[in-house]
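# Survey of secondary and tertiary structure
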Amino acid sequence: MVFAAPNDALARAEGVLDTDPPPLHASVAHQVIGIWQRDWGDMRLALDHLRRARALAARADSSEREADVLATLGVALVHAGRTRQGLAAFERGVERGTGHTRARVLYRRAYSWWVLGHHREALDDVRRAIPVLRQEDDVIWTARALTLRATVHLALGAVDRADADFTAAEALWDTTGQEHDKADAVESRGLAAFRSGDVPAALRLLDEAEERYAKLGTPTFMLNIRRCEVLMAAGLAPEALAEADAAIAVLDGIGGQSTRKAELLLAAARSARLAGDPGTAVARAAIAVRLFAGQRRTWWEAHAQLVLIEGRVAAGRGSGRLVAEAVRVAERLSAFGAPAAPEAWLLAGRIALGLDWTADAERYLAVAARSRRSGPPLARVTGWAAQALWARAAGSGRGVLEACRRGLDVLDDHRTTLGASELRARATAQGAELAALAQEVSLERGGPRQLLVWSERWRATVLSAPPTRPPADPALLSGLTAYREIAARAETARMDGKPVPTLEREQRRLEREIRSRTLHIRGGATGGSDRFDVGRLLERLGDGGLGDGRLVELAVLDGRVQVLLCGGGRVRRFAGGLLAEAEREAEHVQAGLRRLAHPGAERRLAVVEAAGRRLEELLLGEAAGQLGPGPVVVVPPARLHRVPWALLPSLRERVLSVSPSAGSWLRARETEPPPGGRHVLVRGPGLASGGAEVPEVADRYGRPTVLEHADARVPRVLEELDGAALAHIAAHGVFRADSPLFSSLRMADGPLIVHDFERLARSPYRIILSSCDTARLASVGADELLGLVTALLPLGTAGVVASSAPVNDEAVVALMLALHKGLSTGQSLAEALRDARASLPGDALHQATGWAFTAFGAA
């Protein structure tokens, strides 16, 4: 009962002890309390109760009862870090028990071997136990043993064997009422899904397991560890670190298992390293190493040492001593058959390369490269990264490019299993090193065309296909509606000066629920079908009214901007400045634009213009004088997405558009407008100008659909936006840096968020966002952007006009009216925006407003 209904079992056991029971019954009751405290409470109390249970079993003169308690005590001692005492208890348990009881003891010793990382010993014991348990028709313990054997198979990389055992165990659990064990089976299936490379399924199953545990009221430390592992693979390392640290705090608060604390510290260390925090990674890993060593858990200790070395290398501490330590860890992991062994060999090779120990590096990298042919996607990527570095050390540029191509192809396939745009974007971080290596070789040995191809290979990949979503998910739709209502109530309360902590807590809860559901969605798109073609790009730059158009792609190699100027049938390369300096200058410009959005800041105008000139020197260099007279498309790296490009002197009076990648510009250029030519104008609440441009814009387009006041509600707005030729939305915009897919536009019934736009079958062909901060985006993954604009581009939108800074509502009206004047005569968004800027009054307020808006795409 202790695993079917833990809290009820605890109460029953305490009730038994209140009745002055005989020794045999008292032994069972103390054992139940000991199990409860061992798994969900205070380990010291657990050991006290289990020792009493053993003494009472001896008084009852029951060797079978004593053997059973010794097995439970052995597990507790191992979890408390007293490994030698725990294994001794198991030895006595095996000696005292017979038949069925001994099989249960062997199962629990196998579990402890797994905890200790002794996987071969675990398999030996569980294989001895299973036939006896089956012969005794012990369904519950047979299911437990099969689940354990599957988990050990996973640790050894035998995913197919694990899956077979999990399936058999689940069939048995369905015949029982063991709710905790059922939850554990779902959790284990989540781990199996993750090991096979299915991250969405893993997240869904782990969330389901958490719901089951919550109904039982039991802590979930093993689940926390597994979720951290999946979150890290999904590119969500900061979230994994937060989860691990929170679980450690809970465990410390209840005096829980020392073994689980060590594992959580290891998860926290790995998360911190991936999150770019080597100091925290080293600190957590060092404690984990000490704990594992004290617990005699050599398998785990080797994994913690690997993370400790990785953290030290990330902190810039490469040395010959670290090479030797990395090799020792790699050898130990290889001896264990651990899937992490290639990662350790790759690390040793990296450090050796940094010291110019080429021969040693090639030897270590060659071992790591063996993993490129089989195993889960991220393990194969590790192998291809090792192969690429090995080819680099051997001086084979062709070998580097081939390895990078193969590794990124693996990641392409993996990425398309992810349905959520956020996961797709974050997953690209796994390929950042491969893309950078290929760019370096292209810069050294290839021409500008090759550098362009490799710059595009791993840029804005999330925009290559729309996010996958179920046709109708009632729970998601219900969550979005509830979120909108709560957010609207919170906003109203804030405007009235009322406290809103309860509403804010509920809003955060709904955000977590919505995000969780979207992360569960599995991808359905195929990868690699739309490879970037330089010839096609150059052809498009010269046709369709672009005349002598130019595309400027900015690549960043070793912290410096490389300018790739495309047009006139060729690709040329120019040197730019340091990326860090350009980022600082862009922040100064943003600060200036924020000031200029308010009257009385005219003196800032000259400062902002001077910063624009410095940005041009850093970002365009000599290419600024080679742009020709035609339109210009700028493709910046993700970290420069907030640059107001129209501020740069050489771009100020041009037909100018911006695109996240050359490939996405090509797709937008070749997107056909929808039939029917519907125009939709939306006016949200609370604008200082009242959205004054909307009635005048409506007069330009005959009989457009105008949604305002009560009609401007999210469901109706989405219905009208779907498949429109042109949409104009005048509404307050809010960018959420902490969660970019909850960036929003305020409608009459609450926020219209990015997740809402992703439900459109086809977003408007052209969309104008007459709002503050609607072009702000979050830079994630290798070179990806998340936000309103990037949500629209894969869904059928070919052109967007949006602002990258706060803007003055009144000044926006004049800009928007001039913009629509150009559009109504057949101009593109970029042409109309250029002419609209030129028509504005020359004061600082209007000039800053014009610079803040950018045309994205190609419509």
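Residues numbered from 1 in each chain as written. Predicted model: local features only at pLDDT ≥ 70, side-chain atom pairs only at ≥ 80, totals over all residues. Heavy atoms only, no water.

### What to know about the overall build of the protein
The helix and strand tally for the protein stands at 37 helices and 16 strands. Here the protein has a C-alpha radius of gyration of 31 Å; the compact-globule value for 859 residues is 29 Å, and the two agree. Dimensions along the principal axes, computed over C-alpha positions, put the protein at roughly 100 × 65 × 45 Å. Looking at the protein as a whole, 59% of its 859 residues are labelled buried. Within the protein, counting contacts between residues at least 6 apart in sequence, those at least 24 apart form 70% of the total. With an accessible surface of roughly 33000 Å², the protein has 49% of that area assigned to carbon and sulfur atoms. Side chains of the protein carry 109 positive and 104 negative charges; the gap between the two charge centres is 3 Å. (Helix = DSSP H or I, 4+ residues; strand = E, 2+ residues; numbered from the N terminus. Rg over C-alpha atoms; globule rule 2.2 N^0.38 Å. Buried < 20%, exposed > 50% of the residue type's maximum accessible area, 1.4 Å probe, protein only. Contact = heavy atoms within 4.5 Å. Areas by Shrake-Rupley, 256 points an atom, 1.4 Å probe, with all protein chains shown as cover. Lys, Arg positive; Asp, Glu negative; His and termini not counted. Charge placed at Lys NZ, Arg CZ, Asp CG, Glu CD.)

### A closer look at the pairing of strand 6 (residues 679-683)
Burial runs high along strand 6: four of the five residues are buried. As paired strands, strand 6 and strand 8 (residues 726-730) are joined by five bridges and run parallel to one another. If you follow H679 over to strand 8, its bridge partner there is L726. As defined by bridge partners, strand 6 adjoins strand 7 (residues 705-708) across four bridges and the pair is classed as parallel. Across the sheet, the residue bridging to R683 is E708, located in strand 7. For the handedness criterion, the β-α-β arrangement of strand 6, helix 31 (residues 693-700) and strand 7 is classed as right-handed. (Pairing = 2+ DSSP bridges. Right-handed = clockwise from strand over helix to strand, strands pointing away.)

### Quick word on the environment of P21
Within the secondary structure, P21 sits in the loop between helix 1 (6-17) and helix 2 (23-40). Separated by 392 residues in sequence, P21 and D413 have C-alpha atoms that sit 62 Å apart. Setting aside residues up to four positions removed in sequence, P21 forms contacts with V16 and A26.

### Looking at the sheet that holds strand 10 (residues 744-747)
The strand order across the open sheet formed by three strands is 9-10-11, and the pairing between neighbours is antiparallel. For this open sheet the edge positions go to strand 9 (733-734) and strand 11 (750-753), each flanked by a neighbour on one side alone. Relative to strand 10, strand 9 runs antiparallel, the two sharing two bridges. Opposite V734, over in strand 10, you have S744 as the bridge partner.

### Thoughts on helix 11 (residues 199-216)
Helix length check: helix 11 (18 residues) gives 26 Å between terminal C-alpha atoms against 26 Å at 1.5 Å per residue, within 8%. For helix 11, the complete set of buried residues consists of V199, P200, A201, A202, L203, L205, L206, D207, A209, Y213 and L216. Buried residues along helix 11 sit in contact with helix 1, helix 10 (179-195), helix 12 (221-233), helix 21 (397-415), helix 22 (421-427) and helix 26 (501-519). Two or three places before A201, at the start of helix 11, stands the capping residue D198, its side-chain oxygen 3.2 Å from that residue's backbone nitrogen. Trailing helix 11 by a residue or two, G217 shows a phi angle of about 75°, which is positive. (Expected span 1.5 Å × (residues − 1). Polar contact = N/O pair within 3.5 Å; in protein donor to acceptor, adjacent residues only side chain to side chain.)

### Focus: the pattern of salt bridges
Within this structure, the stated rule accounts for 60 salt bridges. Here E66 makes a salt bridge to R54, at a shortest N to O gap of 3.3 Å. Pair noted here: E66 is in helix 4 (residues 63-79) and R54 is in helix 3 (residues 43-59), with a separation of twelve residues, a long-range link. Taking the relative accessible area as the measure of exposure, E66 reaches 8% and is therefore buried. The closest approach of N and O atoms between R834 and D835, which form a salt bridge, is 3.0 Å. Here R834 falls in the partly exposed class, since its relative accessible area comes to 27%. By relative accessible area, D835 is classed as partly exposed at 31%. Residues joined by salt bridges that share partners form a network here, namely E402, R405, R406, D409, D412 and R457. (Salt bridge = Lys/Arg side-chain N within 4 Å of Asp/Glu carboxyl O.)

### Focus on unusual backbone geometry
A positive phi angle is found at D20, which is not glycine, with a value near 55°. Within the fold, D20 resides in the loop between helix 1 and helix 2. A relative accessible area of 68% means that D20 is categorised as exposed. The backbone of D356 sits at a positive phi, close to 65°, despite the residue not being glycine. Its relative accessible area of 66% is what places D356 among the exposed residues.

### A closer look at the side chain of Q439
Structurally, Q439 is set in helix 23 (residues 432-445). Contact partners of Q439, with chain neighbours within four places excluded, come to L451, W454, S455, A555, V556 and L557.

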